[in-house]
Amino acid sequence: ERRERERKLSKEMAEKATRELEKMELQEKADVKYKEWLKKKRAEEAEKKKKEKEKEREREAELQKKKERSEKIFQEWLQNARNKPRPLLNGCFPHGKSAGRYSYYIFVLS
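Residues numbered from 1 in each chain as written. Predicted model: local features only at pLDDT ≥ 70, side-chain atom pairs only at ≥ 80, totals over all residues. Heavy atoms only, no water.

Here we take up a negative patch on the surface. Side chains of Glu22, Glu25, Glu28 and Asp31 sit close together on the surface and give a patch of like negative charge. Along the chain, aspartate 31 turns up in helix H1 (residues 2-83). (Patch = residues over 30% accessible without salt bridge, like charges linked within 9 Å, V, L, I, M, F, W, Y side chains within 5 Å. Areas by Shrake-Rupley, 256 points an atom, 1.4 Å probe, with all protein chains shown as cover. Salt bridge = Lys/Arg side-chain N within 4 Å of Asp/Glu carboxyl O. Lys, Arg positive; Asp, Glu negative; His and termini not counted. Charge placed at Lys NZ, Arg CZ, Asp CG, Glu CD. Helix = DSSP H or I, 4+ residues; strand = E, 2+ residues; numbered from the N terminus.)

With that out of the way, let us pick up the packing of aromatic side chains. Two aromatic rings are characterised by how far apart their centres lie and by the angle between their planes. Going through the model one piece at a time under the given rule, you end up with 2 aromatic pairs. Where phenylalanine 74 meets tryptophan 77, the ring centres are 6.0 Å apart and the plane angle is 25°; that geometry is what we call stacked. Of this pair, phenylalanine 74 and tryptophan 77 both sit in helix H1, 3 residues apart, roughly one helical turn. (Phe/Tyr/Trp six-rings, centres within 6.5 Å; stacked < 30°, edge-to-face > 60°.)

Here the focus is the pattern of salt bridges. One pass over the full model with this rule turns up 5 salt bridges. Here arginine 59 and glutamate 56 are joined by a salt bridge, their closest N and O atoms 2.8 Å apart. Taken together, the positions of arginine 59 and glutamate 56, both in helix H1 and 3 residues apart, correspond to about one turn of that helix. You can call arginine 59 partly exposed: its relative accessible area is 49%. (Buried < 20%, exposed > 50% of the residue type's maximum accessible area, 1.4 Å probe, protein only.)

In structure tokens form, the structure reads like this:
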């Protein structure tokens with residue numbers, strides 16, 4: 001009976017040790033999988049940040065290009081505006097002569 005109890009006890013201890021070993025192996029596998037998942041997630045985040053930075057650089061370059069084009073067009077307009085003849089002042093040319101019939105009526109009526 002005593003031997004039977006010892007055998008039973010040693011059998012239970014062996015089963016318990018086996019369960020503990022299986023539990024530890026399962027925990028190690030879970031840790032490995034978690035580390036792989038974490039590494040993958042970090043790589044994805046880094047890639048996402050890289051793409052966002054690239055997109056931001058492209059947007060800034062586009063804005064700069066647009067600004068330069070606008071400035072160039074404005075400068076061209078400014079240059080052309082200086083070279084255009086001035087509008088008639090009160091229907092008269094700069095040397096004082098009438099610009100047409102309308103200005104004659106204004107002169108007579110006033």
